[in-house]
Amino acid sequence: MRPFFIYLSVKKTLIIILNIFILAVVVLTPIFMWLSISAYRKDNPRTTAQTVLELWHVESFEGSSGLFSYLRNEAIRFNKSNKEIFIIVKKLTQQEFLETSKESKPDIISFSYHIGNDVLAMLTPLNQNFGVRPELQRAGEASGNIFAVPFAMSGYALISNKEVPNFETHNMLAGGNETRGRQVFASVVSPNDLPLISLRGRNDEVINNLSLKQHQNALSMFKTGQANNLIGKAKDVVNLTNTGQGTFSFKPTEGFSDMVQFMGVANNKALTQSQAFINHLTNTETQRRLVEINLFNVLGQSFHSASHMRKFEDALNKPIETLNVFIDDDQIETFRRNLELSVMEKSFYRQ
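Residues numbered from 1 in each chain as written. Predicted model: local features only at pLDDT ≥ 70, side-chain atom pairs only at ≥ 80, totals over all residues. Heavy atoms only, no water.

Asks: If you had to explain the overall build of the protein to someone new, which residues and values would you point to?
Replies: From N to C terminus, the protein includes eleven helices and twelve strands. Buried residues in the protein amount to 45% of all 351 residues. Pairs at least 24 apart in sequence give 77% of the contacts found in the protein among residues at least 6 apart. (Helix = DSSP H or I, 4+ residues; strand = E, 2+ residues; numbered from the N terminus. Buried < 20%, exposed > 50% of the residue type's maximum accessible area, 1.4 Å probe, protein only. Contact = heavy atoms within 4.5 Å.)

Asks: An account of the packing of helix H2 (residues 67-81) against helix H8 (residues 271-281) is requested, with residue identities and associated values reported.
Replies: The geometry of H2 relative to H8 is characterised by a closest axis approach of 10 Å and an angle of 110 degrees between their N-to-C directions. Considering their axes alone, H2 and H8 lie roughly perpendicular with respect to each other. When you trace H2 past H8, the crossing you get is right-handed. Each of Tyr70, Leu71, Glu74, Ala75, Arg77 and Phe78 in H2 lies in contact with H8, whose residues at this interface are Gln273, Ala276, Phe277, His280 and Leu281. Its residues placed into classes, the contact of H2 with H8 shows seven nonpolar, two polar and two charged. (Axes fitted to C-alpha atoms, helices over the stretch in contact; angles between N-to-C directions. Parallel < 35°, antiparallel > 145°, perpendicular 65-115°, else oblique. Left-handed = near helix turned anticlockwise from the far one by under 90°. Nonpolar A, V, L, I, M, F, W, Y, C, P; charged D, E, K, R; others polar.)

Asks: Tell me about unusual backbone geometry, and name the residues and values.
Replies: The backbone of Ser143 sits at a positive phi, close to 55 degrees, despite the residue not being glycine. Taking relative accessible area as the criterion, Ser143 reaches 77% and is therefore assigned exposed. If you check the backbone angles, Asn294 has positive phi at about 60 degrees while not being a glycine. Relative to the elements of secondary structure, Asn294 occurs in the loop between helix H9 (284-288) and helix H10 (307-316).

Asks: I'd like a description of the side chain of Thr282, backed by residues and values.
Replies: Position of Thr282 relative to the elements: it lies in the loop between H8 and H9. Non-local contacts of Thr282, meaning those with residues more than four positions away in its chain, are made with Phe130, Val132, Val149, Pro150, Phe151, Gln287 and Leu299.

Asks: Explain helix H7 (residues 234-242) to me, using residue names and the numbers behind them.
Replies: Turning to H7, its buried residues are Ala234, Asp236, Val237, Val238 and Leu240. One or two steps after H7, the chain reaches Gly244, where phi turns positive at roughly 65 degrees.

Asks: How would you explain the sheet that holds strand S12 (residues 260-265) if you had to name every residue and give the values?
Replies: The strand order across the open sheet built from five strands is S2-S1-S3-S12-S6, with neighbouring strands paired in mixed fashion. Single-partner strands in this sheet number two, and they are strand S2 (85-92) and strand S6 (148-153). Direction aside, neighbouring strands of the sheet carry axes that sit 20 degrees apart on average. Relative to S2, strand S1 (residues 51-58) runs parallel, the two being bridged by eight bridges. Bridge pairing in S2 links His57 to Lys91. (Pairing = 2+ DSSP bridges.)

Asks: Which residues make up the packing of aromatic side chains, and what values do they have?
Replies: The description of an aromatic ring pair rests on the distance of the ring centres and on the angle between the ring planes. Scanning the entire structure with this criterion turns up seven aromatic pairs. When the ring of Phe111 is compared with that of Phe326, the centres are 6.1 Å apart and the planes differ by 35 degrees; the resulting orientation is tilted. Within this pair, whereas Phe111 is found in strand S3 (residues 108-111), its partner Phe326 is found in the loop between H10 and helix H11 (329-345), the two being separated by 215 residues in sequence. Accessibility classification places Phe111 together with Phe326 in one group, the buried group. Considering the side-chain rings of Phe248 and Phe250, the 6.5 Å spacing of their centres and the 25 degrees angle between planes classify their relative orientation as stacked. Taken together, the ring pairs in this structure connect Phe248, Phe250, Phe296 and Phe312 into an aromatic cluster. (Phe/Tyr/Trp six-rings, centres within 6.5 Å; stacked < 30°, edge-to-face > 60°.)

Asks: Give a detailed account of the pattern of salt bridges, specifying residues and quantitative values.
Replies: Overall, the coordinates contain eight salt bridges when judged by the stated rule. With a shortest N-O distance of 3.3 Å, Lys90 and Glu54 are connected by a salt bridge. Placement of the pair is Lys90 in strand S2 and Glu54 in strand S1, with a sequence separation of 36 residues. Look at Lys90 and you get partly exposed, because its relative accessible area is 40%. Across the pair Arg288 and Glu285 runs a salt bridge, and its minimum N-O distance is 3.6 Å. With Arg288 and Glu285 both in helix H9 and three residues apart, this pair spans about one turn of that helix. Residue classification places Glu285 among the partly exposed positions, given a relative accessible area of 45%. The structure contains a network of salt bridges with shared partners spanning Glu74, Arg77 and Arg289. (Salt bridge = Lys/Arg side-chain N within 4 Å of Asp/Glu carboxyl O.)

Structure below.
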């Protein structure tokens, strides 16, 4: 009988040990899990309190389409050093913005003057200095406050399919009577584009006695020889360069560009986080990456290495005028009409 009692005693001991083990697991597992989670949170702040911001990018001018991918990539870079802030970037057309903004609004918005007057009512004043060029920053002010910060820009150019060594002293139509009747086309993608403004104040032979028209397919007409001359954009020069177009020359127009993209904050509860992202967009390294999408910085610095883009950059870095981003439609129309009248007085605008 003794072995039997010994067996029962051992069995009872094992059961007790097993129960103690199970109890230890039940008690200690949460402790170990808590310690592990705490260690993970220490190394991965993303699991702490998070802010998710929605950024609407409203495409504004030809050549700015690359800004959508650019902003998404910069949102990812920003998150790596600001792990508690996530930024979701959405792309909208001008019409989509007008419809969507009736029901909701973003935390941050990327826009230009085409919708600036519609955007202003939803923006909150900013309280930081972002270090951009003063003349560009003034275009983001209203009622004495900064409501929007410029973060990317482009410009216009006079382009000719003839070798014209000096645009200031040579007529763009030089080359014989056979070219005298050819027209100059201004590239245009929507009624918002104002390429003619880039010619304001010019008195040299470049714009004398030209038959000037705006055309949806101006670049195509220039490339096929239907026009010897083009009032185009940096995007057009990039296209002509990349496609190996025959001999052409160009001169960036100086002193004006309406192709400036701004960033504003619509959620005042996320002002600190949103301004941190705008600071990221306007720092030197982020501005340098605009080179990758053929746009230009708003700091007045020189980042482009390709000769045709450096030529544009040098022109845009000179003192420049731009439209206040909050200009309303009536002001735009008046501005456009006054421009056309001044052009017609010079006898070179003939539709």
